[in-house]
Amino acid sequence: MIELLSYQFMQRALAAGIIISLVCGILSFFVVLRRLSFIGVGLSHAAFGGVALGFFLGVEPTWTAIGFCVAIALLIGMIKHKGKIQEDTAIGIFFAANMAFGIMLIGLSHRYNVDLFGYLFGNILAITAYDLKMITAVGSLVLVITALFFKELLFCSFDEEMAGICSVPAVPLNYLFMVLLSLVIVVSIKVVGIVLVSALLVIPAAAGRQFSSNYRAMLPVSVLVGLLSTLGGLFLSYRFDLPSGSTIVLLATLIFGLSFLWEHTRK
Amino acid sequence: MKVLEISNLTVVRGGTMILDNINLELEEGQSLAVIGPNGGGKTTLVKTILGLLQPQTGSIRIMGLPPESVIRKRPGTIGYVAQRAFYDPDFPVSALDVVVMGKYGKIGLLRPVGRKDREEALSCLETVGMADFALRPIGQLSGGQQQRAMIARSLITHPRMLILDEPTSGVDAGSQENFYRLLRDLQSSLSLSIIQVSHDIALVPSYSDQVACLNKQLFLHGKPDDVMRSDILKQAYGCQVEFLFHGTMPHRTVEEHRGHHD
Amino acid sequence: MIMKRVILPLFAILIAVAIWYPGAFRQMPDRKRSSKIKVVASIFPLADITHQVAGERAEVAVLLPAGASPHTFEPTPGQVSELSKASLFVQVGAGLELWADKLINAVGNAGLKRVTAAQGIDLITGEEEHTGSDEHEEEAEHGHDHGKFGNPHIWLDPAIVSGIVTKIEEALVEADPAGEDYYRNRAESYRREVELLDKEIERETAKFVIREFVSFHSSWPYFARRYNLKQAGVIEEAPGREPTPREIKKIVSIVRSSGIKAVFAEPQFSASAARAIAENTGAKVLFLDPLGGDGIPGCDSYINLMRHNLKIMKDAMGNEK
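Residues numbered from 1 in each chain as written. Chains lettered and ligands numbered in written order. Predicted model: local features only at pLDDT ≥ 70, side-chain atom pairs only at ≥ 80, totals over all residues. Heavy atoms only, no water.

## Brief notes about the overall build of chain B
When you go through chain B residue by residue, the secondary structure sums to 10 helices and 11 strands. For chain B, long-range pairs separated by at least 24 residues make up 66% of all intrachain contacts whose partners lie at least 6 apart in sequence. Summed over its atoms, the accessible surface of chain B is roughly 11,400 Å², and 47% of this surface lies on carbon and sulfur atoms. (Helix = DSSP H or I, 4+ residues; strand = E, 2+ residues; numbered from the N terminus. Contact = heavy atoms within 4.5 Å. Areas by Shrake-Rupley, 256 points an atom, 1.4 Å probe, with all protein chains shown as cover.)

Structure representation (structure tokens):
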């Protein structure tokens, strides 16, 4: 354990892992309750479109990716709010559209292309000091806002229409949540990679839900599952020299599997 | 004093006129049953009263204010119980949590839920006879129990008016009458105004002070015994309805129309 | 509740076993103290070239495993710790290893020198085939080492590789001055081998009857330029860039009119587009491997890799019948 901490990249991996598990653990609570499980995958492809746009326009792609993700997240929220379409359908539409948009831009720019996915490459073992600052800043912002509006976000996840009738500003809060979510996703993609973010936004709460029938228990359990997967995964990947991100995701899946078994053998 | 005043209300959705020149008034402490066929505009009327839909013409005043202002400036004035209690049967909250939610708007942003709020919620559950189920996960309650919890939620803000949209559609037949009795008791003990929308023309009207028939137009606005005349109902439903009368209580016997309306 | 008592301890035991498993320490390379200098290369051909020059004086590791694509590549802690201990990182540049840039930034190894193979080389860019609108420099934020973006497959031209050998030689000498003579000798003899390879390919390709080819992605333009062949069509010009219907039509008509008998696919990418075109034209799909890897038979060194590819090309283009 001490040896593990002697490497700077492992220290940063642990630090970023803890922050991301905390933030994603709490967001995953809402993601699962709102049935937004594909939001991570959907928005990561929006980020792809954003990066392509940045390259096409000659603008720093990180900023276009963030702008693009936030815009798409708001659109997904708006479509759900205005239309008869559920969020998962809206995500499905934009998922494909953004991918196509990115590929179209690549096709339009007649130049030997850099690997856009390579640009989005993030890995928990490749965290720079700047990355760590960025994820800490975004993570704390999201945690504070989520804590401040927790009761309203809970009500909106339960029944958005009723929340509005009960004088809770449901629509603005819904948009706020989508913006927070897209910020976390786009920053985490750059820091730890697409696969890990998508997993940490879903699996912890999915496991937490198996273990508990009340949110007061589900929320801490979700965060705990996220932390356990991340720290345990990093540790195992170090001991057995395995790719760290995949180890974390598979450990989280294993924990979910156990939670599922537990829930279904208990009855 | 009039709790609700609707004048010349017209609602058009997707090019179709759903509500055509509706006029309606409700006195404080009175209960009103709005009955009519599915697709007759009942839910649209409810949503318009709640400010969720904008009318083309006409106005709605709740305690003298438009719906949006009531919801924004006087949280909790209107209580609402929807047709379906909620969307996710496994949502991890207890009945008590759900009741407290009704007060979130009144508690306000950035303020935590206090012990007093939870005690209040418990006493509301007691009012609807659900105190024993306070800590049960909401999804583990029966349809009737869930709707009682939803009523408790709407009561926590001490509303002046309660709006219910087909509240008994998920409640088994045996419990429906108990449910209507509860509403009548609440009406008298809290001097609550109640609007209940239903296609149940058998039971609902007998528990209400007034009945209105709605099928695009609001056909009638009077005492239950007057309304239950089959010619009036025929006009509202647009189909033949026959009744057997046991005293003043009508029972619908022609069942085959139900499938047609759904 | 019984399950709570069973599953949780089971899980704890599982974790504990995993953690205290006796063989668990095996991989960490820094455990064995050695005087060898450590070199990491981004892809296998560069690793092999470096190994040929460095011989026994250096440990050469490769980041991208055989068959992996940079899209999905995930390093292990062992690889990253190698990078944090390495004195030299050998990369292609030209925009191929954006992911590696980040990794190198993250390990914060101040002593790490980078050898960028593409530096100073006349890169082929997509622009050449299209209109000459002027290209903006885009490398500003990615570090300054790897020069312009362009087609990165420079190692498939042995003449360019001779220059790369020299770059690696100089870097090794600088990193490990005590081994100067050793490196210079080995570099010299390896350059001769590469020159022989070059001659051999030149001789063989000169006999090719069909001088045009179609490949899946744009891996072979340097090879084609060197040996007067023509990369007549590329199915997917850049990673993730789908061919347009007109491009497919163009490729199909090129294949038909020039008598091309094979469409080249690559083991690192899906061959389905190549198969579709092959089916439309009656050509075969053959696999060229631009990367190779340790343990891949016939492709386990740079020189063997090139011979392997030459042989496949010969089958497809060597004679009319």
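## Comments concerning the overall build of chain A
Tallying secondary structure elements over chain A gives 14 helices and 0 strands in all. Going residue by residue from the N terminus, the α and β elements of chain A occur as α-α-α-α-α-α-α-α-α-α-α-α-α-α. The C-alpha radius of gyration of chain A comes to 19 Å, within 12% of the 18 Å expected for a compact globule of 267 residues. The buried share of chain A, taken over its 267 residues, is 64%. At a minimum sequence separation of 6, the contacts of chain A that also span at least 24 residues come to 75%. In the structure as shown, chain A presents an accessible area of about 9,400 Å², 76% of it carried by carbon and sulfur atoms. Of the charged side chains in chain A, 15 are positive and 12 negative; the average position of the first set lies 4 Å away from that of the second. (Rg over C-alpha atoms; globule rule 2.2 N^0.38 Å. Buried < 20%, exposed > 50% of the residue type's maximum accessible area, 1.4 Å probe, protein only. Lys, Arg positive; Asp, Glu negative; His and termini not counted. Charge placed at Lys NZ, Arg CZ, Asp CG, Glu CD.)

## Considering unusual backbone geometry
Notably, Asp241(A) is not glycine yet its phi reads approximately 50 degrees, a positive angle. Summarising the element assignment, Asp241(A) is placed in the loop between α13 (215–240) and α14 (244–266). Non-glycine residue Glu166(B) carries a positive phi angle of around 45 degrees. Looking at where Glu166(B) falls in the secondary structure, it is placed in the loop between β6 (161–165) and α7 (173–190). Looking at Glu166(B), the relative accessible area reads 7%, which means it is buried.

## Focus: the sheet that holds strand β2 (residues 16–27) of chain B
Residues and elements named next belong to chain B. Pairing in this open sheet of 3 strands is antiparallel, and the strands run β2-β1-β4 from one edge to the other. With partners counted over all chains shown, the strands left at the sheet margins are β2 and β4 (57–62), one partner each. Shown here is a sheet whose adjacent strand axes are inclined to one another by a mean of 15 degrees, direction ignored. Of the strand pairs in this sheet, strand β1 (residues 2–13) and β2 are connected by 8 bridges, and their pairing is antiparallel. Within β2, the residue paired with Arg 13 across the bridge is Thr 16. (Pairing = 2+ DSSP bridges. Axes fitted to C-alpha atoms, helices over the stretch in contact; angles between N-to-C directions.)

## Quick word on the interface of chain B and chain A
In this complex, chain B contributes 33 residues to the contact, which on the side of chain A involves 25 residues. In total, about 2,600 Å² of surface goes out of reach between chain B and chain A, with carbon and sulfur atoms giving 64% of it. Scanning the region where chain B abuts chain A turns up 10 residue pairs in polar contact (both at pLDDT 80 or more). Those elements that provide at least two residues to the side of chain B that touches chain A are α3 (95–101) and α4 (104–107) of chain B. Classifying every residue of the side of chain B that touches chain A gives 21 nonpolar, 5 polar and 7 charged. (Buried area = accessible area lost by both parts, 1.4 Å probe. Polar contact = N/O pair within 3.5 Å; in protein donor to acceptor, adjacent residues only side chain to side chain. Nonpolar A, V, L, I, M, F, W, Y, C, P; charged D, E, K, R; others polar.)

## A short note on the side chain of Asp131(A)
Within the secondary structure, Asp131(A) is located in helix α7 (residues 129–148). At 3.0 Å, the side chain of Asp131(A) and the side chain of Lys102(C) are in polar contact. Setting aside residues up to four positions removed in sequence, Asp131(A) forms contacts with Ala126(A), Val191(A) and Lys102(C).

## Quick look at the pattern of salt bridges
Residue and element names in this part refer to chain C. In this structure the tally under the stated criterion is 30 salt bridges over all chains. Between Arg 184 and Glu 170 there is a salt bridge whose closest N-O contact spans 3.3 Å. Placement of the pair is Arg 184 in helix α6 (residues 180–206) and Glu 170 in helix α5 (residues 158–175), with a sequence separation of 14 residues. Given the relative accessible area of 27%, Arg 184 is considered partly exposed. (Salt bridge = Lys/Arg side-chain N within 4 Å of Asp/Glu carboxyl O.)

## A look at the confidence of the model for chain B
Averaged over every residue, the pLDDT of chain B is 84; the share at 70 or more is 83%. pLDDT under 50 marks residues 239–262 of chain B. Its contacts with residues more than four places away, or in other chains, come to 41 contacts. (pLDDT = per-residue confidence, 0-100.)

## A short note on a nonpolar patch on the surface
Residues and elements named next belong to chain A. Together, Phe 56, Leu 57, Val 59, Met 104 and Leu 108 give the surface a local cluster of nonpolar side chains, amounting to about 490 Å² of exposed area. Secondary-structure elements contributing two or more residues to the nonpolar patch are α3 (39–57) and α5 (87–108). Given a relative accessible area of 39%, Val 59 falls into the partly exposed group. (Patch = residues over 30% accessible without salt bridge, like charges linked within 9 Å, V, L, I, M, F, W, Y side chains within 5 Å.)

## Let's talk about the packing of aromatic side chains
Following the criterion strictly, the structure yields 18 aromatic pairs over all chains and no others. With a centroid separation of 4.4 Å and 50 degrees between ring planes, the pair formed by Phe211(A) and Trp262(A) is classed as tilted. Pair noted here: Phe211(A) is in helix α12 (residues 203–211) and Trp262(A) is in helix α14, with a separation of 51 residues, a long-range link. Given a relative accessible area of 24%, Phe211(A) falls into the partly exposed group. Pairing Trp220(C) with Phe223(C) gives two aromatic rings, centres 5.6 Å apart and planes at 90 degrees, and the pair type is edge-to-face. (Phe/Tyr/Trp six-rings, centres within 6.5 Å; stacked < 30°, edge-to-face > 60°.)

## Thoughts on α7(A)
In a regular helix each residue adds 1.5 Å, so 20 residues correspond to 28 Å; α7(A) covers 29 Å between its end C-alpha atoms and thus fits that length. Residues Asp131(A), Leu132(A), Met134(A), Ile135(A), Val138(A), Gly139(A), Val142(A), Ile145(A) and Thr146(A) constitute the buried set of α7(A). Structurally, α7(A) contributes buried residues whose contacts are with α2 (8–33), α8 (150–158) and α10 (170–192) of chain A together with α4 (98–107) of chain C. (Expected span 1.5 Å × (residues − 1).)

## Let's talk about the environment of His199(B)
Residue and element names in this part refer to chain B. Tracing the backbone shows His 199 in the loop between β7 (193–198) and β8 (210–215). Taking the C-alpha atoms as reference points, His 199 and Thr 57, 142 residues apart in sequence, are found 26 Å from one another. Among the polar contacts made by the side chain of His 199, one reaches the side chain of Glu 166 at a distance of 3.1 Å.

## Concerning the sheet that holds strand β8 (residues 284–287) of chain C
Residues and elements named next belong to chain C. Read from one edge to the other, the open sheet built from 4 strands follows the order β6-β5-β7-β8, with strand pairing classed as parallel. Two strands close off the open sheet at either side, each with one partner strand: β6 (230–236) and β8. Sheet twist, expressed as the average angle between the axes of neighbouring strands with direction ignored, equals 30 degrees. Both strand β7 (residues 262–265) and β8 contribute to a ladder of 4 bridges, which runs parallel.

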